[in-house]
Amino acid sequence: MKKVKCLLLVIVLVVASVSVYQPAYSKANYTVNKKALKKMAKKTYHSHANKYTNDYLGLNSYLEKMRKKGGGTLTIKKGTYKICNAICVPSNITIIFKSGVKFVKTSKTGIKGQKAASGMWQIVPKKKSMKKNSVKGYKGSKNVKFIAKGKVTFDMKKKYGMCIACAHNDGVEISGITFKGMNGDHYIEVNGSRNVNIHNNYFGAAVAKTKKKNYNKEAINVDTPDAKTHGIPLKWVKKDLTPCVNVTIQNNTFNGTTRGIGTHKYSQKGGKHVYHQNVIVIGNSFNNIYDNGVFVLNWQNAVIQNNSFNTIGKSSNLTYSSGSHGISGGGVQGITIKGNSFTNIKRNAIYFGVQKNVKAGSSYGKTKISITDAQYRTMVENKASKCGSEYNKKYKGYDFVIFKGNGERTEKNVVAARFGIRKIYCGDGTQIVWPVEPTTTQQPTRPTPTEPTPAESESYDPTVIN
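Residues numbered from 1 in each chain as written. Predicted model: local features only at pLDDT ≥ 70, side-chain atom pairs only at ≥ 80, totals over all residues. Heavy atoms only, no water.

Observations concerning a positive patch on the surface
Reasoning step 1: There is a patch of like positive charges on the surface, built from Lys 128, Lys 131, Lys 136, Lys 139, Lys 142 and Lys 238.
Reasoning step 2: Secondary-structure assignment places Lys 131 in the loop between helix 4 (126-129) and strand 8 (142-149). (Patch = residues over 30% accessible without salt bridge, like charges linked within 9 Å, V, L, I, M, F, W, Y side chains within 5 Å. Areas by Shrake-Rupley, 256 points an atom, 1.4 Å probe, with all protein chains shown as cover. Salt bridge = Lys/Arg side-chain N within 4 Å of Asp/Glu carboxyl O. Lys, Arg positive; Asp, Glu negative; His and termini not counted. Charge placed at Lys NZ, Arg CZ, Asp CG, Glu CD. Helix = DSSP H or I, 4+ residues; strand = E, 2+ residues; numbered from the N terminus.)

Describing the pattern of salt bridges
Working definition: two side chains of opposite charge can pair if their charged atoms are close together.
Reasoning step 1: By the definition in use, this model includes 10 salt bridges.
Reasoning step 2: Between Asp 428 and Lys 404 there is a salt bridge, with its nearest N and O atoms 2.9 Å apart. Pair noted here: Asp 428 is in the segment after strand 34 (424-426) and Lys 404 is in the loop between strand 32 (400-403) and strand 33 (414-417), with a separation of 24 residues, a long-range link.
Reasoning step 3: Exposure remark for Asp 428: the relative accessible area of 35% places this residue in the partly exposed category.
Reasoning step 4: We classify Lys 404 as partly exposed; its relative accessible area is 22%.
Reasoning step 5: Salt bridges linked by common partners bring Glu 218, Arg 259 and Asp 291 together as one network. (Buried < 20%, exposed > 50% of the residue type's maximum accessible area, 1.4 Å probe, protein only.)

Regarding the pairing of strand 26 (residues 308-312)
Reasoning step 1: Sheet topology note: the strand 23 (residues 285-289)/strand 26 ladder contains 4 bridges and is parallel. Residue Asn 287 lies in a different strand from strand 26, and its bridge partner there is Asn 310.
Reasoning step 2: Two elements, strand 26 and strand 29 (residues 341-345), share 4 bridges in a ladder whose sense is parallel. If you follow Ile 312 over to strand 29, its bridge partner there is Ile 345. (Pairing = 2+ DSSP bridges.)

Considerations on the packing of aromatic side chains
Reasoning step 1: The tally for this structure, following the rule as stated, stands at 25 aromatic pairs.
Reasoning step 2: The aromatic ring of Phe 295 is capped on one face by Arg 259, whose charged end is 4.0 Å from the ring centroid. (Phe/Tyr/Trp six-rings, centres within 6.5 Å; stacked < 30°, edge-to-face > 60°. Lys NZ or Arg CZ within 6 Å of the ring centre and 35° of its normal.)

A short note on the confidence of the model for the protein
Reasoning step 1: Per-residue confidence for the protein gives a mean pLDDT of 90; residues scoring 70 or more make up 88%.
Reasoning step 2: Below a pLDDT of 50 lies the segment residues 1-24, which in the model reaches 0 contacts outside its immediate sequence neighbourhood of four places, other chains included.
Reasoning step 3: Predicted confidence for residues 446-466 stays below pLDDT 50, and this span has 36 contacts to residues more than four positions away or in other chains. (pLDDT = per-residue confidence, 0-100. Contact = heavy atoms within 4.5 Å.)

Focus on the sheet that holds strand 6 (residues 101-105)
Reasoning step 1: On the basis of which strands lie adjacent, the open sheet formed by 10 strands has the order 3-6-9-12-15-18-23-26-29-31 and parallel pairing. Each edge of the open sheet is held by one strand with a lone partner, namely strand 3 (79-83) and strand 31 (383-385).
Reasoning step 2: Here 5 bridges tie strand 3 to strand 6, and the two strands are oriented parallel to one another. Residue pairing in the sheet places Lys 82 in a bridge with Val 104 of strand 6.

Focus on the environment of Leu 37
Reasoning step 1: If you trace the backbone, Leu 37 turns up in helix 2 (residues 34-45).
Reasoning step 2: Under the relative-accessibility criterion, Leu 37 is labelled buried at 0%.
Reasoning step 3: For Leu 37 and Asn 54, which are 17 residues apart along the polypeptide, the C-alpha to C-alpha distance reads 6.3 Å.
Reasoning step 4: In contact with Leu 37, not counting residues within four places along its chain, are Val 32, Asn 54, Asp 55, Gly 58, Leu 59, Tyr 62 and Tyr 81.

Notes on helix 3 (residues 54-68)
Reasoning step 1: Relative to the 21 Å expected for 15 residues at 1.5 Å per residue, helix 3 spans 21 Å between its end C-alpha atoms, a close match to the ideal helical length.
Reasoning step 2: With respect to burial, helix 3 is a largely interior element, 12 of its 15 residues being buried.
Reasoning step 3: Along helix 3, the residues that are buried comprise Asn 54, Asp 55, Tyr 56, Leu 57, Gly 58, Leu 59, Asn 60, Ser 61, Tyr 62, Leu 63, Glu 64 and Met 66. (Expected span 1.5 Å × (residues − 1).)

Brief notes about the sheet that holds strand 14 (residues 194-199)
Reasoning step 1: Taken in spatial order, the 10 strands of this open sheet run 1-2-5-8-11-14-17-22-25-28, and their pairing is parallel. For this open sheet the edge positions go to strand 1 (30-32) and strand 28 (333-338), each flanked by a neighbour on one side alone. The mean angle between the axes of side-by-side strands here comes to 10°, regardless of whether they run parallel or antiparallel.
Reasoning step 2: Note that strand 8 and strand 11 (residues 170-175) share 5 bridges and pair parallel. If you follow Phe 146 over to strand 11, its bridge partner there is Ile 174.
Reasoning step 3: With respect to the sheet, helix 3 is in contact with strand 1, strand 2 (72-76) and strand 5 (93-98), its orientation differing from that of strand 2 by roughly 160°. (Axes fitted to C-alpha atoms, helices over the stretch in contact; angles between N-to-C directions.)

Digging into helix 2
Reasoning step 1: Here helix 2 contains 12 residues, and its C-alpha end-to-end distance of 16 Å stays within 8% of the 16 Å for a straight helix at 1.5 Å per residue.
Reasoning step 2: Taken together, the buried positions of helix 2 are occupied by Ala 36, Leu 37, Met 40 and Ala 41. Axial view of helix 2: buried residues confined to an arc of 130°, hence all on one face. Exposed residues lying more than 90 degrees from the buried face of helix 2 are Lys 35, Lys 39 and Lys 43.
Reasoning step 3: Those residues of helix 2 that are buried are in contact with strand 1, helix 3 and strand 3.
Reasoning step 4: The opening residue of helix 2, the one whose side-chain oxygen lies 3.2 Å from the backbone nitrogen of Lys 35, is Asn 33.
Reasoning step 5: Just downstream of helix 2 lies His 46, where phi reads positive at about 50°. (Arc of directions from axis to C-beta. Polar contact = N/O pair within 3.5 Å; in protein donor to acceptor, adjacent residues only side chain to side chain.)

Rendered as structure tokens:
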């Protein structure tokens, strides 16, 4: 009996010790304003804290405290925050921006010998940001959220640099922010990351005089960390060719940017193409875009659905065949495009053809295109109004023109169609037909809408592409 009582006492003591045990890390929540950041900056950085640096130093100090405690929520109150250097965000951090918050990019540090950085936010722990190749794969900061509550603005003030650098991350959400002042770089770069959700943001106009020079700079760039292509020039990012996976870009507005969403350099590893997987672009609005609304390059199993493309490429005088379309690119490996509307596009709505890196990354072989018959049939389920034609007049009138296989602009590769008409032209003579739908009763037959095939008498005019 005594042994049983002793055993019960031991069990009770063990349970009690477990119940009162506190983990080494317990998440911390802070609410800050400019006054709090100034105080924290002076406390942590002493002589480096001044009117130019207080905001970014204070934020980095709070975020570092939160990192040590396992993360938490940082609420930033109304005010104008001047940022001359990068704010570094570690794992398990939610940043809530209250209505009236403005983040403004500045170029002065007030410290002799210290230059301002070109960017504003980097999703990486501060200590790792200072070490070369410190982050690889999807092992960077995880579970990070930027959530705007009301009117929140990130203004680059027409200075060169990216607003948010997201590299080697796993689990990032960016929501409700107005981005302004684009000048020669991306608002957001998603590089070698997975499980990213960018939604309900507004991306404002790029500087007009730099659009032609930087025509391929997307507001949201989906990229690969690659030394050959100069993908993301940040020293902490290991250039290990990690692709992006599960990136959702939804319900955003793009107005006056050079491009909306896309990839402008592709990568290869061991002679094989590296593909970004499951990029979903849905419910967005693209307006007054200089080059292309969406530029697809080495995307696998992508979805582009229920977006509106309005006034695309009209101000551009670039002559390359991939430019001035609603959706363009190459290296496509399976894609679903449906439910989109295209209005006032300089060229035809959708174009895919061979792509080849120019200068950086030019040692990589050309891209290839693989789209199933079912996906071609689905592509007819879009709408177009007041759109132009593909670069070659031979394919005038088609809403989508795609050069399949090796992507070369040859007659045998072309696949083209008009939206809303169940007839697809294949230059190699093959047929893409719709499956017969079973019916229970005999219905009157209706004539199939017809369209002219490209005139055989017209000469083929291949173009040089970028």
